[in-house]
Amino acid sequence: MTQMPSNIAGSVIHAAGTAANLAALTATHSHIFWCKMVSSTSFRTASTAVFLVFAARMAAKSWRELRARGIIGSVKDLYGFCARKFFRFMMTLPGISEKVNAEVEKTLTRMEEEMVPRGPGITRYFELPKQGWTDELVFNELHELAEMKHSPWEAGRVSGAVYHGGEDILKLQTEAYGMFSVANQLHPDIFPGVRKMEAEVVSMVLRIYNAPESGVGTSTSGGTESLLMASLAAKIKGWHEKGITEPEIVAPVTIHAGFDKAAYYFGIKLRHAPLDPDTYKVDLKAVKRLVNSNTILIAGSAPNFPHGIIDDIEGLSEIALKHNIPLHVDACLGSFVVPFMEKVYSEIDLSVSVPLFDFRVKGVTSISCDTHKYGFAPKGSSVIMYRDAKLRRYQYFLATDWSGGVYASPTLAGSRPGALMAGCWATLMRIGEDGYIESCRNIISAARSIRQAIQNEFECLYVLGQPIGSVVAFSSETLNIYDVADGLLKKGWHLSALQNPSAIHIACTRLTVAAVAELISDLHEVVTQVEMHTVAGEKKQQGDTAMLYGVAGSISTHGIVDELAVGFLDNLYKV
Ligand SMILES: *Cc1c(COP(=O)(O)O)cnc(C)c1O
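For clarity, every value in this text was computed on a predicted model and none was experimentally measured.

(A) Layout of a positive patch on the surface. Together, K285, K288, R289 and K322 line one region of the surface with positive charge. Among the elements that take part in the positive patch, helix α9 (residues 284–290) stands out by supplying three residues, more than any other. Inspection of the secondary structure assignment puts K322 in helix α10 (residues 313–323). The class for K322 is exposed, based on a relative accessible area of 70%.

(B) Molecular detail of empty space enclosed by the protein. This model, assessed by the stated rule, comprises four cavities of 30 Å³ or more. In terms of lining, the largest cavity is formed by T254, I255, H256, S301, P303, N304, F305, D330, C332, L333 and K373. Residues that form the lining of the largest cavity fall into these classes: five nonpolar, four polar and two charged.

(C) Region of interest: the site of the ligand. Every one of the 13 residues lining the ligand counts as a neighbour, but G223, T224, D330, H372 and K373 are closest to it. Between an oxygen atom of the ligand and a side-chain N or O atom of K373, the distance comes to 3.0 Å. When the ligand is considered free in solution it has 380 Å² of accessible area, and contact with the protein chains removes 84% of it. If you tally residues by element for the shell around the ligand, the top one is helix α7 (residues 223–242), at three residues.

(D) Local environment of the pairing of strand β13 (residues 503–507). Counting buried positions over the five residues of β13 gives five, a clear majority of the element. Side chains of β13 alternate between two faces, with A503, H505 and A507 and I504 and I506 buried alike. As paired elements, strand β11 (residues 471–476) and β13 share four bridges and run antiparallel to each other. Within β13, the position partnered with V472 by the bridge is I506.

(E) Unusual backbone geometry, seen in detail. Cis geometry is found at the peptide bond from A302 to P303, where omega equals -10 degrees. The topology assignment puts P303 in the loop between β4 (295–301) and α10. The residue after N500, namely P501, is reached through a cis peptide bond having omega 5 degrees. Inspection of the secondary structure puts P501 in the loop between β12 (496–498) and β13.

(F) Structural detail: the pattern of salt bridges. Throughout the structure, instances matching the rule amount to 21 salt bridges. Among the salt bridges present, the one from K390 reaches E241, with a minimum N-O distance of 3.4 Å. Of this pair, K390 sits in helix α12 (residues 389–393) while E241 is found in helix α7, placing the two residues 149 residues apart along the sequence. Residue K390 is classed as exposed on the basis of its relative accessible area, which comes to 54%.

(G) Molecular detail of a nonpolar patch on the surface. On the surface, a cluster of nonpolar side chains totalling about 730 Å² of accessible area is made up of Y125, W133, L137, V138, F139, L142, L145 and M148. Tracing the chain through its elements places V138 in helix α4 (residues 135–146).

(H) The arrangement of the sheet that holds strand β10 (residues 461–463) in detail. Ordered by their spatial adjacency, four strands build an open sheet running β10-β11-β13-β12, and the pairing between neighbours is antiparallel. Every other strand in the sheet has two partners, leaving β10 and β12 as the edge strands with one partner each. Direction aside, the axes of adjacent strands within the sheet are offset by 30 degrees on average.

(I) Main features of the packing of helix α14 (residues 481–490) against helix α15 (residues 516–536). One can describe the packing of α14 onto α15 by two numbers: an axis separation of 9 Å at closest approach and a directional angle of 125 degrees. Of the possible angle classes, the one that applies to α14 and α15 is oblique. With respect to the hand of their crossing, α14 and α15 are arranged in right-handed fashion. Across the interface between the two elements, D483, V484, G487 and L488 of α14 pack against L519, D522, L523, V526, V527 and V530 of α15. Each residue belonging to the contact of α14 with α15 can be placed in one class, and the counts come to seven nonpolar, one polar and two charged.

(J) Region of the structure containing the packing of helix α16 (residues 544–553) against helix α17 (residues 558–571). Contact geometry for α16 and α17: axes closest at 6 Å, N-to-C directions at 130 degrees. Classed by the angle they form, the pair α16 and α17 counts as oblique. Counted together, L548, V551 and A552 of α16 and H558, I560, V561 and L564 of α17 form the full contact between these two elements. Each residue belonging to the contact of α16 with α17 can be placed in one class, and the counts come to six nonpolar, one polar and no charged.

Cut-offs applied
Residues numbered from 1 in each chain as written. Predicted model: local features only at pLDDT ≥ 70, side-chain atom pairs only at ≥ 80, totals over all residues. Heavy atoms only, no water. Patch = residues over 30% accessible without salt bridge, like charges linked within 9 Å, V, L, I, M, F, W, Y side chains within 5 Å. Areas by Shrake-Rupley, 256 points an atom, 1.4 Å probe, with all protein chains shown as cover. Salt bridge = Lys/Arg side-chain N within 4 Å of Asp/Glu carboxyl O. Lys, Arg positive; Asp, Glu negative; His and termini not counted. Charge placed at Lys NZ, Arg CZ, Asp CG, Glu CD. Helix = DSSP H or I, 4+ residues; strand = E, 2+ residues; numbered from the N terminus. Buried < 20%, exposed > 50% of the residue type's maximum accessible area, 1.4 Å probe, protein only. 1 Å grid on protein atoms, 1.4 Å probe; cavity = no way out; pocket = protein on both sides within 12 Å on 5 of 7 lines; lining within 4 Å. Points joined across faces, edges and corners; volume = space filled by probe spheres on them. Nonpolar A, V, L, I, M, F, W, Y, C, P; charged D, E, K, R; others polar. Near = heavy atom within 4 Å. Polar contact = N/O pair within 3.5 Å; in protein donor to acceptor, adjacent residues only side chain to side chain. Pairing = 2+ DSSP bridges. Axes fitted to C-alpha atoms, helices over the stretch in contact; angles between N-to-C directions. Parallel < 35°, antiparallel > 145°, perpendicular 65-115°, else oblique. Left-handed = near helix turned anticlockwise from the far one by under 90°. Contact = heavy atoms within 4.5 Å.

Okay, here's the thing in structure tokens:
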């Protein structure tokens, strides 16, 4: 869902660029006329110079766009832009707009009823209690909150989401957390232990990603912040070293939406490269076309979130080195699985060769790794790594003349929770290399069983690409895959829906390992049901997934999903 707004923005910007180019061409004539009217020669020279600079910039811009998208691509973009504008306009017409709004309202009301339970037995607290509660009261209420009706993650039926290292680890984390709950990394003089733990966590992660001696990093609050930091550092580097004022990032369409967010926050243009249709890795030829003198960063994933595929990082590295552009590898999801895959595959299946994706690839300048995914650290923890300190310096923020004192901060947050760092450090030390290798083996084996079952036991399903990690994405040429997702949902399975192309995926966690056989047998039942309905051509009531992605996937209803997404976010803050 999060990708949609930026796609629209991209088309708008693109179309606006095209319009501006046309304007520039027609302006030539009026400009000559206008110049005749001005008597001062020096003024004339100055204005001609300004105009020439403007025209040259416009020409360069049009050339970049045309080279990036090709003639057919540009025409398609323009068509898509106009079609969406047209349908958006249609939806504002009297008669239609009331109907659309009523439908949207209905859906939003239903969503609110599900997300914000109200009614007898639920007390809602709108303001501070006049008098503070007793411990007992607080704990009783906390127990009820923990037991509110939720998706059954404990049984391993949720894709990704809960990266849990086992009961013992949870207990250890809670204690570590308690010991450091007042600690703040902003004050290393007061909490020297937390500073030491952070430096050590960063160092451990650098080692498993084969960083050179010069390698450095910082911890962050999660994968998204790591991607924001990598983008910011690259943007500032581009500005300092190449004078780039209109920064662009080139990344596959499968790159995490955190890059769209970075683009949105930092005023960067994100150029999405399509995939190779056979491998689902980024198409290197397309990347070459998208790279230009404004490119501040190229990015790839190891592996990506949608399909669990590792991009050709060595191929991207060649392009990056040739043009002297930084290359980021998003290993947020790969985290503590992908670095151990080489070793695990050498034991379980020699026919699988794990491609290089880390600092051993020369062009790689930064890598993000989420300790809170397969590192099993408490949520709110990730590491951003750089090949050298010079690049890391660009993410630092300094306000050395602030009236509050000399201020310096390494990442987005000011105050940072030292307790989370203690939880992370304790987890890494407790699990150790042997523990992570074992968890990698179990998780990969679970994903392999699912992949093999889908390939061998289901004629109507296919796996996207050749995933070798923890994620398996699949789809169907004959069935509506979202109906399959809704069928699984009825049986308590929460798989992730994907789009462009339509598919669903499961990200295996430690919890999935024990549930693989159940998943396959439930998938058989659901697929048989959906097949029966499809063959009979029955028009049955669509489930939520099929409905949402039906709306999202159609150009005529495109804008409606934005309304639903905003409604969803608004619901988060309803009491
Ligand atoms: C999870 C993930 C991220 C970042 O996610 P956060 O929710 O911010 O931790 C980035 N990239 C990939 C590939 C991911 O799977």
